[in-house]
Amino acid sequence: MARSVQQLFDLTGKTALVTGGSRGLGLQMAQALGEAGARVLLTARKAAELESAATALQAQGIDAQWLAADCAQPEAIASLAQEAVQRLGSIDILVNNAGATWGAKAEEHPLAAWDKVMDLNIRGYFLLSQAVARAGMLQRGGRIINISSIAGLGGNPIAMRTLAYNTSKGAVLNFTRALAAEWGPQGITVNAVCPGFFRTKMASGLIDSIGEAQMCAQAPLRRLGDDEDLKGITVLLASAAGKHITGQWLAVDGGVSAVLG
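Before going into details, it helps to say that this report is about the structure given with it. As the structure is a prediction and not an experimental result, all values here were calculated from the model.

## Topic: the overall build of the chain
Within the chain, the secondary structure is distributed over ten helices and seven strands. Taking 2.2 N^0.38 as the reference for a compact globule, 261 residues should give roughly 18 Å; the C-alpha atoms of the chain span a radius of gyration of 18 Å, in line with that estimate. Over its C-alpha atoms, taken along the principal directions, the chain stretches across nearly 50 × 40 × 40 Å. Out of the 261 residues belonging to the chain, those deemed buried represent 50%. Within the chain, contacts between residues separated by at least 24 positions form 73% of all contacts whose residues are at least 6 apart in sequence. Accessible surface, the chain as shown: approximately 12,300 Å² in total, 54% of it carbon and sulfur. Computing the positive centroid from 22 side-chain charges and the negative centroid from 21, the chain places the two 3 Å apart.

## A look at the pattern of salt bridges
Under the counting rule described, the total for this entry stands at seven salt bridges. The partner of Glu83 in a salt bridge is Arg87, and the shortest N-O contact between them spans 3.0 Å. Residue Glu83 and its partner Arg87 are located together in helix H4 (residues 74–88), separated by four residues, close to a single helical turn. The partly exposed category is assigned to Glu83, whose relative accessible area is 26%. By relative accessible area, which is 29% here, Arg87 ends up partly exposed. The closest approach of N and O atoms between Arg223 and Asp226, which form a salt bridge, is 2.7 Å. Assessed through its relative accessible area of 34%, Arg223 is described here as partly exposed. Three or more residues joined by partner-sharing salt bridges are found here, namely Arg223, Asp226 and Asp229.

## Considering the nonpolar core
Counting 64 residues, the largest nonpolar core has Leu17, Leu33, Val95, Leu128, Ile144, Val193 and Leu230 as the members making the most contacts within it. With ten residues, helix H5 (residues 111–140) is the single largest residue contributor to this core. Contact partners of Val193, with chain neighbours within four places excluded, come to Ile145, Asn146, Ile147, Ser148, Ser149, Leu230, Ile233, Leu237, Leu250 and Val252. Within the second largest apolar cluster, six residues are counted, among which are Leu173, Ala192, Cys194 and Val256.

## Describing helix H9 (residues 231–238)
Since there are 3.6 residues in each turn of an α-helix, residues three or four apart along the chain are aligned in direction. Counted residue by residue, H9 has six buried out of eight residues, so it is predominantly covered. When H9 is considered as a whole, its buried residues turn out to be Lys231, Ile233, Thr234, Val235, Leu237 and Ala238. Looking at the buried positions of H9, the neighbouring elements they touch are helix H1 (5–9), helix H2 (24–35), strand E4 (93–96), strand E5 (142–147), strand E6 (188–195) and strand E7 (249–252).

## A look at unusual backbone geometry
Despite not being glycine, Arg222 shows a phi value in the positive range, around 60°. Following the sequence through the fold, Arg222 ends up in the loop between helix H8 (212–217) and H9. Judged by relative accessible area, Arg222 falls into the exposed class, the value being 54%.

Conventions and cut-offs
- Residues numbered from 1 in each chain as written.
- Predicted model: local features only at pLDDT ≥ 70, side-chain atom pairs only at ≥ 80, totals over all residues.
- Heavy atoms only, no water.
- Helix = DSSP H or I, 4+ residues; strand = E, 2+ residues; numbered from the N terminus.
- Rg over C-alpha atoms; globule rule 2.2 N^0.38 Å.
- Buried < 20%, exposed > 50% of the residue type's maximum accessible area, 1.4 Å probe, protein only.
- Contact = heavy atoms within 4.5 Å.
- Areas by Shrake-Rupley, 256 points an atom, 1.4 Å probe, with all protein chains shown as cover.
- Lys, Arg positive; Asp, Glu negative; His and termini not counted.
- Charge placed at Lys NZ, Arg CZ, Asp CG, Glu CD.
- Salt bridge = Lys/Arg side-chain N within 4 Å of Asp/Glu carboxyl O.
- Core = buried A, V, L, I, M, F, W, Y, C linked by side-chain atoms within 4.5 Å.

Here you go:
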């Protein structure tokens, strides 16, 4: 018998690991997964921010835990995956969200900064996906959601100089497609979300320098993303409602990427 829409989106009994989950988009996605019934484990580098985020989710009735880890470090990623499985029993949903950016002219971009962005934004996604798959997802199936960006869809206006960030987010898209093709037979779906501008800690400086009103004017919906706009796509891609979607990306950007082409 076909399941109802409510049943398809229900995540009761599922577990989720969300990187960069202490604030911003990661916390919004973790909240969505928890509201749909999943048990969530938040991870990021700063313990105090993680503890505060987990406490806020718990106050909403969400089963939330936290574990500090640096997802740019291979040893930390291996320990994170092992500890996550010990705490949760298994990992059904992985949200690769932790990220970094750097602003510099291409001809002046420091190598260390390039490596910092690449190590977290794409190598970290690969290593954690690999560790979670080895820890049981290859046997049970599961969902991987990679956070890219509309910056990964092309270049930037001249005033925005984020070469490493754009390159890393473009890499996330093909990483998503390649991994989806390879792990599909094991029942693992792999998809990407490309957010536009949300007033996160990472983006606020850029929004303020350009002007929020001007950024809104450039979006067909005339607005920035808010604290709800990633919830629906997150639950769709994490749940049975999205079981036939893999190797895909979706921009959640108020239509900015449609204008840019």
